[in-house]
Amino acid sequence: MQHHPTTGHLNKILAAGISTFVFASGAWASEATVVPEQPDFPAQSKITYVPRDSIASFKALSSYSEPEWITKNFVETGALPPVEERLPEEPLVFKTGNMPDGIGVYGGTLRHVIGGRPEGWNYQAGQSTGWGGIDIGMFECLTRTAPLYQVEASDMEPLPNLAKSWEWSEDGHTLTMHLIEGAKWSDGVPFTSEDVLFMWEDNIVDPNVTPLNGASRETFGSNTTLKALDDYTVEWTFEEEFPRQYLFNMAYGNFCPGPAHIMKTKHPSYADTTYDEYRNGFPPEMLNWPVMGAWAPVEYRSDDIIVLRRNPYYWKVDEEGHQLPYIDELHYKLSTWADRDIQTIAGSADLSNLEQPENFVVALRRAAEETAPARLAFGPRLIGYNMRMNLSGNGWGEPDARAQAVRELNRNPEFRKAITMAIDRQSLGDSLVRGPFTAIYPGGLNSGTSFYDRESTYYYPYDPEGAKEILASLGLEDTDGNGFVNWPEGTLNGEDLNIILLLSSSYNTDVNLAEGVIGQLQQVGLRVVQNSIDNNQYESMRYGGDFDWMILRNSPALASVVQGTTSLAPVGPRTSHHHRAGPDGTLDLMPYEEQLVEIVSHFIATSDDAERAELMKQYQEVATKNVDTIGLTEFPGALIVNKRLDNVAAGAPIFMFNWAEDAIIRERMFVPKDEQGGYQLFPETLPGKPGADGPVKG
Ligand code: GLA
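Residues numbered from 1 in each chain as written. Predicted model: local features only at pLDDT ≥ 70, side-chain atom pairs only at ≥ 80, totals over all residues. Heavy atoms only, no water.

Caption draft 1: Expanded view of helix H19 (residues 591–605). The end-to-end C-alpha distance of H19 is 21 Å, a good match for the 21 Å that 15 residues give at a rise of 1.5 Å each. Turning to H19, its buried residues number three or more, namely Tyr-592, Glu-593, Gln-595, Leu-596, Val-597, Glu-598, Ile-599, Val-600, Ser-601, His-602, Phe-603 and Ile-604. (Helix = DSSP H or I, 4+ residues; strand = E, 2+ residues; numbered from the N terminus. Expected span 1.5 Å × (residues − 1). Buried < 20%, exposed > 50% of the residue type's maximum accessible area, 1.4 Å probe, protein only.)

Encoded structure:
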């Protein structure tokens, strides 16, 4: 099913006013009210806004340099060409004025801790590399958006990256992109439009492949096409006019190509292989995976560590011509997400996104001490959690009879309303952390986004008795006296209603929220059973539609609106998190979802700021009044960074357009010489040949 912004229809929506068209039945038992004001929280960092072009540009410099040991051990021995030959004609040059501490020094180690585990390097076909910013450091994308948190709103457009410039045709349907020329993968093979087209045709558009963050053609618009004009020029065509919004989707994590020269050897369109063999063909043991990013993996020890070393072909420099990155080595200790906070606070790791409120108090306390090894700064309230109900009634994820019956309940507005009324959000938030951090969050856009409008944000206040009444009116009553409601006679033999809640066991917060919800719903007689599984399996089940309900931490769309906008509604068969097309490729949208689709499509197709602000107010009202998702809680996150690191972009939020690992621009961070600390495991080495046993000495 295709959806296009039909201006006529939208104008009707605008004219009718939200409240009259949203509810066909008018059968709500209690009125939706505007959400309470969010409490102020302490120590929110300030951002100094800058023009977009003050961050970087592409240009040739008169000379280039690199760490001395590379010249000595690699270039002088003939193992590598000189640095100026490894760089593109016009590298990306970071401007000194935008670097908080200026030009850096080489050396040092950036020590990460993560709770994820790598499935392999085939990010482009959906394998997790372990999260925590490994993929962000390895894969570069056509555009870049994470650093935009510091860009003035009037100047908001993605930064060039692998696409160094672009222009629109006069009619706005064609976008020509110029790729960086002469840049190379970390194994020295040229990066060209072949890599971009392989990403598009064989990973994004190929229905048998789902890239890691779930991009599909519709992420870039219905019927969008992409072709190569030559090695360094690609051309997009769009149905919409000037859909500048899609430039945001060309950033992390939707358009970050992998090395076609390696990946094609296992893709079924080029090799005699299956799609499973392709997806799983590049396990974490395969070292020296070619990257366009600043660091490539040279060591992997299961449940222990991943080590990455600097990419000798990296195509970014500072204004004095030093090839980046400054930092030689990246560590990813394989532990837990909670341990990332603890180690960073204690000084044995360098960087953490403090995103689990359970750790807020201990982290704040330690960071306040003068001897604290790390700095901590809170950003806006942009971390949010929703419980999402699977709204596909036509077979996404191939539900059995029980699951199908649950889907039909999920699609009943009265049912969704009962569930949201049964949730005590204040106590859910308090169970994570006391104090002013968490706020009542009914779903929809996070309160920290610039598009947020509280007056358009509705919720159904906590009312367990009211919830029970609604459930009873739907025929959901405890007929066998065991404390849990049964299906009505005639459905599943009137047995107990069981709902399965999918969640990732890798995060304490997800587990605590799930347990809170399950306990609260028990109070209204609903039996919810948790399916709490490791994050990699969780991700594959949720993309597969294999859930009744799930706990999902918000993606960037709800925190920025402009990033991943297509995920705000089922605008295409595979864009929404909780409602995707059934096996026949169609979406069975409910009337309020049709409205969300109209609103989001219109938002994508217009560049008028006032209109976009208005559209997002409508989005918020339609989404929250119709309980598109069950909002649970939202809170600010804090970035924790070891004090030995310099050039940490000031005020970077842990999450907005993307995670902080991207926003802080790690390739230009550095560690002063006397604080580099001997942490390197493979000093003076570089990534070796793809698949070879480890790094090389020269
Ligand atoms: C995980 C972590 C986040 C962030 C991202 C980066 O999701 O929970 O804090 O590090 O990885 O991809």
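After that view, the rundown keeps rolling.
Caption draft 2: Quick look at the environment of Val-485. Among the secondary structure elements, Val-485 is positioned in the loop between helix H15 (464–473) and strand E20 (498–504). Along the backbone, Val-485 and Glu-495 are 10 residues apart, and their C-alpha atoms lie at a distance of 8.7 Å. Contacts of Val-485, omitting those with residues within four sequence positions, involve Leu-476, Glu-477, Asp-478, Asp-496, Leu-497, Val-524, Gly-525 and Leu-526. (Contact = heavy atoms within 4.5 Å.)

Caption draft 3: Highlighting the site of the ligand. Close contacts around the ligand come from Trp-131, Gly-132, Gly-133, Trp-337, Arg-340, Asn-353, Glu-355, Tyr-507, Arg-553, Trp-659 and Glu-661, and that covers them all. At 2.9 Å, a backbone N or O of Gly-132 approaches an oxygen atom of the ligand. Within the side chain of Asn-353, one N or O atom sits 2.9 Å away from an oxygen atom of the ligand. Considered class by class, the residues forming the shell around the ligand number 4 nonpolar, 3 polar and 4 charged. (Near = heavy atom within 4 Å. Polar contact = N/O pair within 3.5 Å; in protein donor to acceptor, adjacent residues only side chain to side chain. Nonpolar A, V, L, I, M, F, W, Y, C, P; charged D, E, K, R; others polar.)

Caption draft 4: Fine view of the sheet that holds strand E3 (residues 92–94). Within the open sheet, the 3 strands sit side by side as E2-E3-E13. Their pairing is mixed. Every interior strand has two partners, whereas the edge strands, strand E2 (56–58) and strand E13 (316–318), have only one. Averaged over neighbouring strand pairs, the angle between their axes works out to 30 degrees when direction is ignored. Summarising the sheet, E3 and E13 pair through 3 bridges and their orientation is parallel. Across the sheet, Phe-94 pairs through a bridge with Asp-318, a residue of E13. (Pairing = 2+ DSSP bridges. Axes fitted to C-alpha atoms, helices over the stretch in contact; angles between N-to-C directions.)

Caption draft 5: How the structure looks around unusual backbone geometry. In this structure, Gly-253 follows Tyr-252 across a cis peptide bond, with omega equal to -5 degrees. Tracing the backbone through its elements, the reader meets Gly-253 in the loop between helix H7 (246–249) and helix H8 (260–263). Cis geometry marks the peptide bond from Leu-324 to Pro-325; its omega dihedral reads 0 degrees. With a phi angle near 45 degrees, Phe-242 is a residue other than glycine that sits in the positive phi range. Within the secondary structure, Phe-242 is located in the loop between strand E10 (233–237) and H7. According to the relative accessible area criterion, Phe-242 is partly exposed, its value standing at 26%. Of note in the backbone geometry, Asn-493 takes a positive phi value of approximately 55 degrees without being a glycine. Looking at where Asn-493 falls in the secondary structure, it is placed in the loop between H15 and E20.

Everything listed is a geometric property; what it means functionally is a separate question.
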